[in-house]
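# Architecture and fold: a report
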Amino acid sequence: MKSSAKPTPNNFVLVVFDSCRYDTFMAARPRTIRKLGRVEKRWSYASWTSPSHYNLLIGLMPHTSPRHVYASEYYKKEFIKFNERLGTDDFEFKSLVPKMFLPSFLKDTLGYRTNAMVSLPVLNPRTILNTGFDTYKLMEKHNDMGAMVRQMSFSETQPNFFLLNVGETHYPYALPHEPPDQWPRISGVHGIFKHLDDEVVGGKLLIKKEKLFNNQKLKELRHRQVDAVKHLDRVVEELFDTVPNNTYITITADHGELFGEDGYFGHGPIHHEKVWEVPFVEGKLR
Ligand SMILES: [Zn+2]
């Protein structure tokens, strides 16, 4: 006899490594993160933080750029994937209508406790992105995923959703223990976190002439992003130890980053393939 009781949905943790482009992620050879599954190269829908997170929160993960299909067919397939993520069987595109916002749907329809911890001020709790969340916090430091993991608290009576926007991979690619006076400086590139405006304008690309680029420096910056991913791989191990059973984890990035290729640095007002390329990996450990 079939039981009519619905299984409890999975916890779902969406981790966004800000500005982490696909090839630096792969160069770091993250062993722990790979336990989730195969790392795919995907493409972001947007080239900077705010619209990209909006997109993620309407349930559209970075895309696979499939040929010979209609976008509507692709979206349908993408949304059905949420049944696997959430451990449910009745999620479809129209489930999100009319709000078209994943946290609201998870909270109002599926009874999730919804939490966000963000690193970038442009995603601060006063933005419209703070819709449908029970808790939404701008972290004290922009580059400390470990602090997020330590602050995660899981309801035992509700399934839990977490959005973690992680800043170690964002310029200046600084690890939490590194003193700010040792962070790299690029002439003409704004410091990111003192002023919200810096990030709002995409932040960093006020360099006017290509001659201002210093190739050695840019190489160094790319290495710093690789090192940030290596560090995050260790933090993800703490995440894996923290989450309860039945937790589905998706790790991706909101957009890529340019390290001098074709005269570009950073992300935002850039049209270049490297600003779209992001890693994508997901799965359930246990
Ligand atoms: Zn970003």
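Just above, that's the structure.
Residues numbered from 1 in each chain as written. Predicted model: local features only at pLDDT ≥ 70, side-chain atom pairs only at ≥ 80, totals over all residues. Heavy atoms only, no water.

### So, the coordination of the zinc ion
- Asp 18 (OD), Thr 49 (OG1), Asp 254 (OD) and His 255 (NE2) make up the full set of protein donors to the zinc ion, lying at 2.0 to 2.1 Å.
- Around the zinc ion sit four donor atoms, and with donor-metal-donor angles ranging over 98 to 118° the site reads as tetrahedral.
- Spacing between the donor residues of the zinc ion along their common chain follows D-x30-T-x204-D-H. Of this pair, Asp 18 sits in the loop between strand S1 (11-17) and helix H1 (22-27) while Asp 254 sits in the loop between strand S6 (247-253) and strand S7 (258-259), placing them 236 residues apart in sequence.
- Exposure remark for Asp 18: the relative accessible area of 0% places this residue in the buried category. (Donors = N, O, S within 2.8 Å, 3.2 Å for Na, K, Ca; no water. Tetrahedral: all angles 85-135°; square planar, octahedral: opposite > 155°, others 65-115°. Helix = DSSP H or I, 4+ residues; strand = E, 2+ residues; numbered from the N terminus. Buried < 20%, exposed > 50% of the residue type's maximum accessible area, 1.4 Å probe, protein only.)

### Comments concerning the side chain of Glu 178
- Following the sequence through the fold, Glu 178 ends up in the loop between strand S5 (160-166) and helix H6 (196-200).
- If we ignore the near neighbours within four places in the chain, the residues touching Glu 178 are Tyr 173, Trp 183 and Arg 224. (Contact = heavy atoms within 4.5 Å.)

### Overview of the sheet that holds strand S3 (residues 113-118)
- The mixed open sheet is built from seven strands, whose spatial order is S2-S9-S6-S1-S5-S3-S4. The strands lining the two open edges of the sheet, one partner per strand, are strand S2 (40-43) and strand S4 (135-138). Within this sheet the neighbouring strands show an average axis-to-axis angle of 15°, counted without direction.
- Two strands pair when backbone bridges link them, and S1 and S6 are joined in this way by seven bridges, in the parallel orientation. The residue bridging Val 13 from the neighbouring strand is Ile 249, located in S6.
- Against the sheet, helix H2 (residues 49-57) engages S1, S5 and S6, with an angle of about 160° to S5. (Pairing = 2+ DSSP bridges. Axes fitted to C-alpha atoms, helices over the stretch in contact; angles between N-to-C directions.)

### Topic: the nonpolar core
- Among the nonpolar cores identified, the biggest contains 34 residues, and Val 15, Phe 17, Met 145, Leu 164, Leu 239, Ile 249 and Ile 251 are the most heavily contacted of them.
- Listing elements by their share of this core, those giving two or more residues are S1, H1, helix H5 (145-151), S5, helix H7 (215-242), S6 and strand S9 (277-284).
- Leaving out residues up to four positions away in the same chain, Leu 164 has contacts with Val 13, Leu 14, Val 15, Val 16, Met 117, Met 145, Met 148, Met 152 and Leu 239.
- Within the second largest apolar cluster, 30 residues are counted, among which are Leu 57, Leu 60, Phe 133 and Phe 280. (Core = buried A, V, L, I, M, F, W, Y, C linked by side-chain atoms within 4.5 Å.)

### Points about empty space enclosed by the protein
- Applying the stated rule across the entire model yields one cavity of 30 Å³ or more.
- Taken as a whole, the largest cavity holds about 30 Å³ of empty space.
- Looking at the largest cavity, the residues that line it are Ser 44, Tyr 45, Ser 52, Asn 55, Leu 56, Leu 60, Met 61, Pro 62 and Ala 253.
- Looking at which element gives the most residues to the lining of the largest cavity, the answer is H2, with three residues.
- In terms of residue class, the lining of the largest cavity is made up of six nonpolar, three polar and no charged. (1 Å grid on protein atoms, 1.4 Å probe; cavity = no way out; pocket = protein on both sides within 12 Å on 5 of 7 lines; lining within 4 Å. Points joined across faces, edges and corners; volume = space filled by probe spheres on them. Nonpolar A, V, L, I, M, F, W, Y, C, P; charged D, E, K, R; others polar.)

### Focus: the packing of aromatic side chains
- Scanning the entire structure with this criterion turns up 17 aromatic pairs.
- Aromatic pair Tyr 54 and Phe 101: ring centres 5.8 Å apart, planes at 35°, arrangement tilted. Of this pair, Tyr 54 sits in helix H2 while Phe 101 sits in the loop between helix H3 (71-86) and helix H4 (102-108); the two residues are 47 residues apart in sequence, bridging distant segments of the chain.
- Judged by centre distance (6.4 Å) and plane angle (70°), the ring pair of Phe 259 and Phe 265 falls under edge-to-face.
- The structure contains a cluster of three or more aromatic residues connected by ring pairs, namely Phe 12, Phe 79, Phe 82, Phe 91, Phe 93, Phe 105, Phe 133, Tyr 136, Phe 161 and Tyr 248.
- In this arrangement the basic side chain of Arg 85 is found over the ring face of Phe 82, its NZ or CZ atom lying 4.6 Å from the centre. (Phe/Tyr/Trp six-rings, centres within 6.5 Å; stacked < 30°, edge-to-face > 60°. Lys NZ or Arg CZ within 6 Å of the ring centre and 35° of its normal.)

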